[in-house]
Amino acid sequence: QVQLVESGGGLVQAGGSLRLSCAASGRTFSRYAMGWFRQAPGKEREFVAAMSWRGVSTYYADSVKGRFTISRDNAKNTVYLQMNSLKPEDTAVYYCAATVRIISYKCHEYDYWGQGTQVTVSS
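Note that this is a predicted model, so its numbers are computed, not measured.

On to the state of the cysteines, then. Where two cysteines share a covalent bond between their sulfur atoms, that bond is called a disulfide. Applying the stated rule across the entire model yields one disulfide. Covalently, Cys 22 is tied to Cys 96 through a disulfide, its sulfur atoms 2.0 Å apart. Since a negative S-S torsion denotes a left-handed disulfide, the Cys 22-Cys 96 link at about 50° is right-handed. Of this pair, Cys 22 sits in strand E3 (residues 18-25) while Cys 96 is found in strand E9 (residues 92-99), placing the two residues 74 residues apart along the sequence. When sorted by exposure, Cys 22 lands in the same class as Cys 96, which is buried. Considering cysteine sulfurs only, Cys 96 is the nearest to Cys 107, which forms no disulfide, with 13 Å between them. The class for Cys 107 is partly exposed, based on a relative accessible area of 31%.

Quick look at the pairing of E9 now. Most of E9 is tucked away, with seven of its eight residues classed as buried. In this sheet, E9 lies alongside strand E4 (residues 33-39) in antiparallel orientation, the contact comprising seven bridges. In the sheet register, Phe 37 faces E9, and the bridge partner there is Tyr 95. Pairing of E9 with strand E11 (residues 117-122), which is carried by three bridges, proceeds in the antiparallel orientation. What sits directly across from Val 93, in E11, is Gln 118.

A few words now on the packing of aromatic side chains. What the rule picks out here adds up to seven aromatic pairs. Taking the centre distance of 5.1 Å and the plane angle of 80° together, the rings of Phe 37 and Tyr 110 count as edge-to-face. A residue pair is termed long-range when its members are at least 10 positions apart, and Phe 37 in strand E4 and Tyr 110 in the loop between E9 and strand E10 (112-113) qualify at 73 residues. According to the relative accessible area criterion, Tyr 110 is buried, its value standing at 6%. Positioned over the ring face of Tyr 95 is Arg 45, at 4.0 Å from the centre of the ring. The positively charged end of Arg 45 is found above the aromatic ring belonging to Trp 113, 4.7 Å away from the centroid.

Mapping Thr 78 onto the fold places it in strand E8 (residues 78-83). Among the polar contacts made by the side chain of Thr 78, one reaches the main-chain carbonyl oxygen of Lys 76 at a distance of 2.9 Å. In contact with Thr 78, not counting residues within four places along its chain, are Ser 21, Cys 22, Ala 23, Phe 29, Arg 72 and Asp 73.

Let us look at the environment of Tyr 112. Locating Tyr 112 in the fold gives a position in strand E10. For the pair Tyr 112 and Ile 102, spaced 10 residues apart in the sequence, the C-alpha separation amounts to 15 Å. If we ignore the near neighbours within four places in the chain, the residues touching Tyr 112 are Gln 1, Val 2, Leu 4, Tyr 32, Cys 96, Ala 97 and Ala 98.

One open sheet accounts for four strands, arranged E1-E3-E8-E7; its pairing is antiparallel. Where the open sheet ends on each side, the last strands, each with one partner, are strand E1 (3-7) and strand E7 (68-73). Strand after strand, the sheet turns through a mean of 15° between neighbouring axes, direction not considered.

The rules behind each value
- Residues numbered from 1 in each chain as written.
- Predicted model: local features only at pLDDT ≥ 70, side-chain atom pairs only at ≥ 80, totals over all residues.
- Heavy atoms only, no water.
- Disulfide = S-S within 2.5 Å.
- Helix = DSSP H or I, 4+ residues; strand = E, 2+ residues; numbered from the N terminus.
- Buried < 20%, exposed > 50% of the residue type's maximum accessible area, 1.4 Å probe, protein only.
- Pairing = 2+ DSSP bridges.
- Phe/Tyr/Trp six-rings, centres within 6.5 Å; stacked < 30°, edge-to-face > 60°.
- Lys NZ or Arg CZ within 6 Å of the ring centre and 35° of its normal.
- Polar contact = N/O pair within 3.5 Å; in protein donor to acceptor, adjacent residues only side chain to side chain.
- Contact = heavy atoms within 4.5 Å.
- Axes fitted to C-alpha atoms, helices over the stretch in contact; angles between N-to-C directions.

Next comes the structure, spelled out in structure tokens:
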């Protein structure tokens, strides 16, 4: 069982930066690969970034490559998403998630989800 809680969202101007955090509780957090997804009103949830449970492999959506960075600190049971050069189209609720797979960019392959944190980018 894994419980996830996101934080760090807010309102930022285009070109600015935010760092999201996801605190996890569970006996074997380091055995899960972690991912970030986002969902805008009226749209389906979409993949943003993922990292394998050993931290060796990372995947990024084409829309965020070069701007977003995923990282994790297994000793602190926390995963992060550093978001730079933010654009209005990045506005969404951002969710962290955990999967027993080695790594995945597919929403249906994730087993646990946080409650989400709102990110709003103004122009």
